[in-house]
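Fold and contact review
Each chain, written out:
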Amino acid sequence: MGNLFSRKRRWVPPNPEFEERLEQGKQGKWKIKESFRAMKLCKDGADLAEVLSTDSVVENLDLSFTGLGDDEAEYLGEALQRNTTLKVLRLSNNHIKAKGMGFLCDGLSDNNNSALIKLDLQNNAIGLEGAAKLGNMLDAFALEELNVFWNQVGTQGFLDLIEGASGSVTLQRLDLRYNGVQLEEMDEVFERTLARVLAAIQKRNSEPDNKDRKLQIIIDPTCQKALDDIGLNAEDVFTTEE
């Protein structure tokens, strides 16, 4: 990714509250849980990401409703490449698309010491391409919870994420509700692939060592009905309950 923090940034009106909180972070005074929820990030969030890259205190960071897009996700990916203490990252209700998802995946995959176990991407727009990138990386992450609710991933993206989840030994919760999935239109190849992936997840869930960390995939009622119709609604894997 290179040294993104030295890159020229576009001007954004100053936010006194943000600047004060940022200064606290620079002084190592952030708390274990920090929230910038609904706070418009200045300077593309680059300054915050730079602090996060070296912070050793915060474990739970909420950046929901902050206007983050792909440019900010690039900075954040750089921070994730270096940070070793962050466990929970909330990025819901932002503007992260496939390109931004790629930056986040690259950052996490390049950090063998990442502590991240929960990633909330609800209501972004990673789409099919972003879902493919994320699915391909899931077996390399130590995530336990992943929320991709309402991200326009579509039917193929739905399968890509489930297939990626099947290769994870840590993931326990995957929320895929309301992503424009049309399972009633799946072809024979898709159906066979889904059946194979579900069998792998069921095998993992049945192992004694995984008794308390089974993988559950949350789907919407429309998906559940389509799976019921073709006999693939594995109750020990899929649920419509949060």
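Criteria and thresholds
Residues numbered from 1 in each chain as written. Predicted model: local features only at pLDDT ≥ 70, side-chain atom pairs only at ≥ 80, totals over all residues. Heavy atoms only, no water. 1 Å grid on protein atoms, 1.4 Å probe; cavity = no way out; pocket = protein on both sides within 12 Å on 5 of 7 lines; lining within 4 Å. Points joined across faces, edges and corners; volume = space filled by probe spheres on them. Helix = DSSP H or I, 4+ residues; strand = E, 2+ residues; numbered from the N terminus. Nonpolar A, V, L, I, M, F, W, Y, C, P; charged D, E, K, R; others polar. Contact = heavy atoms within 4.5 Å. Axes fitted to C-alpha atoms, helices over the stretch in contact; angles between N-to-C directions. Parallel < 35°, antiparallel > 145°, perpendicular 65-115°, else oblique. Core = buried A, V, L, I, M, F, W, Y, C linked by side-chain atoms within 4.5 Å. Buried < 20%, exposed > 50% of the residue type's maximum accessible area, 1.4 Å probe, protein only. Salt bridge = Lys/Arg side-chain N within 4 Å of Asp/Glu carboxyl O. Phe/Tyr/Trp six-rings, centres within 6.5 Å; stacked < 30°, edge-to-face > 60°. Lys NZ or Arg CZ within 6 Å of the ring centre and 35° of its normal. Arc of directions from axis to C-beta. Lys, Arg positive; Asp, Glu negative; His and termini not counted. Polar contact = N/O pair within 3.5 Å; in protein donor to acceptor, adjacent residues only side chain to side chain.

Quick look at empty space enclosed by the protein
Following the criterion strictly, the structure yields 2 cavities of 30 Å³ or more and no others. Its boundaries defined by the atoms lining it, the largest cavity holds a volume of some 40 Å³. Elements represented by at least two residues in the lining of the largest cavity include exactly helix H2 (46-54) and helix H3 (70-82). Per-class residue counts for the lining of the largest cavity are 6 nonpolar, 1 polar and 1 charged. Tallied by class, the residues present in the lining of the second largest cavity amount to 3 nonpolar, 2 polar and no charged.

Side note on the side chain of Asp175
Along the chain, Asp175 falls in strand E6 (residues 173-175). Apart from the residues lying within four places of it in its own chain, the contact partners of Asp175 are Leu146, Asn147, Val148, Phe149 and Ile218.

Here we look at the packing of helix H5 (residues 127-137) against helix H6 (residues 154-166)
Interaxial distance between H5 and H6 falls to 8 Å at its minimum, and their mutual angle equals 10°. Our classification of the angle between H5 and H6 gives roughly parallel. Residues Leu128, Ala131, Ala132, Leu134 and Gly135 of H5 form the contact with H6, whose participating residues are Gln156, Gly157, Asp160, Leu161 and Gly164. Residues that form the contact of H5 with H6 fall into these classes: 5 nonpolar, 4 polar and 1 charged.

Quick look at the nonpolar core
Among the nonpolar cores identified, the biggest contains 66 residues, and Leu89, Leu91, Leu134, Leu146 and Ile217 are the most heavily contacted of them. Of all the secondary structure elements, the ones that give two or more residues to this core are helix H1 (16-26), H2, H3, helix H4 (98-109), H5, H6, helix H7 (188-206) and helix H8 (221-230). When sequence neighbours within four positions are dropped, the list of residues in contact with Leu146 reads Leu119, Leu121, Leu134, Leu138, Leu171, Arg173, Leu174 and Asp175.

Some words on the pattern of salt bridges
Across all of its chains, the model carries 11 salt bridges by this definition. A salt bridge links Arg177 to Asp175, with the nearest nitrogen and oxygen atoms 2.7 Å apart. Pair check on accessibility: Arg177 and Asp175 agree, each one buried. The partner of Lys225 in a salt bridge is Asp229, with the nearest N and O atoms 3.3 Å apart.

A look at unusual backbone geometry
Within the chain, Phe65 stands out as a residue other than glycine whose phi angle is a positive 55°. Turning to its location among the elements, Phe65 is positioned in the loop between strand E2 (60-62) and H3. Positive phi is not limited to glycine here, since Tyr178 has a value of about 55°. With respect to the helices and strands, the residue Tyr178 is situated in the loop between E6 and H7.

Overview of the packing of aromatic side chains
A full pass over the atoms with the stated rule returns 3 aromatic pairs. Seen in terms of ring centroids, Trp30 and Phe36 are 5.9 Å apart; in terms of plane orientation they differ by 65°. Their pairing is edge-to-face. Phe36 matches Trp30 in its accessibility class, with the two residues each being buried. Among the aromatic side chains, those forming a connected cluster through ring pairs are Phe18, Trp30 and Phe36. Of note, Arg21 hangs over the ring of Phe36, and the distance from its end group to the ring centre comes to 4.4 Å.

Quick look at H5
Those residues of H5 that sit buried are Gly127, Gly130, Ala131, Leu134 and Gly135. Considered in projection along H5, the buried side chains sweep an arc of 135° and stay on one side of the axis. The inward-facing, buried residues of H5 abut H4, strand E5 (145-147) and H6.

Let's talk about the side chain of Asp55
Topologically, Asp55 is positioned in the loop between H2 and E2. Within the buried set, Asp55 has no salt-bridge partner at all; the shortest N-O distance to an opposite charge, 11 Å, is to Arg21. At a separation of 2.7 Å, a polar atom in the side chain of Asp55 contacts the main-chain amide nitrogen of Val58. Setting aside anything within four residues of it in sequence, one finds Asp55 in contact with Trp30, Asn83 and Thr85.

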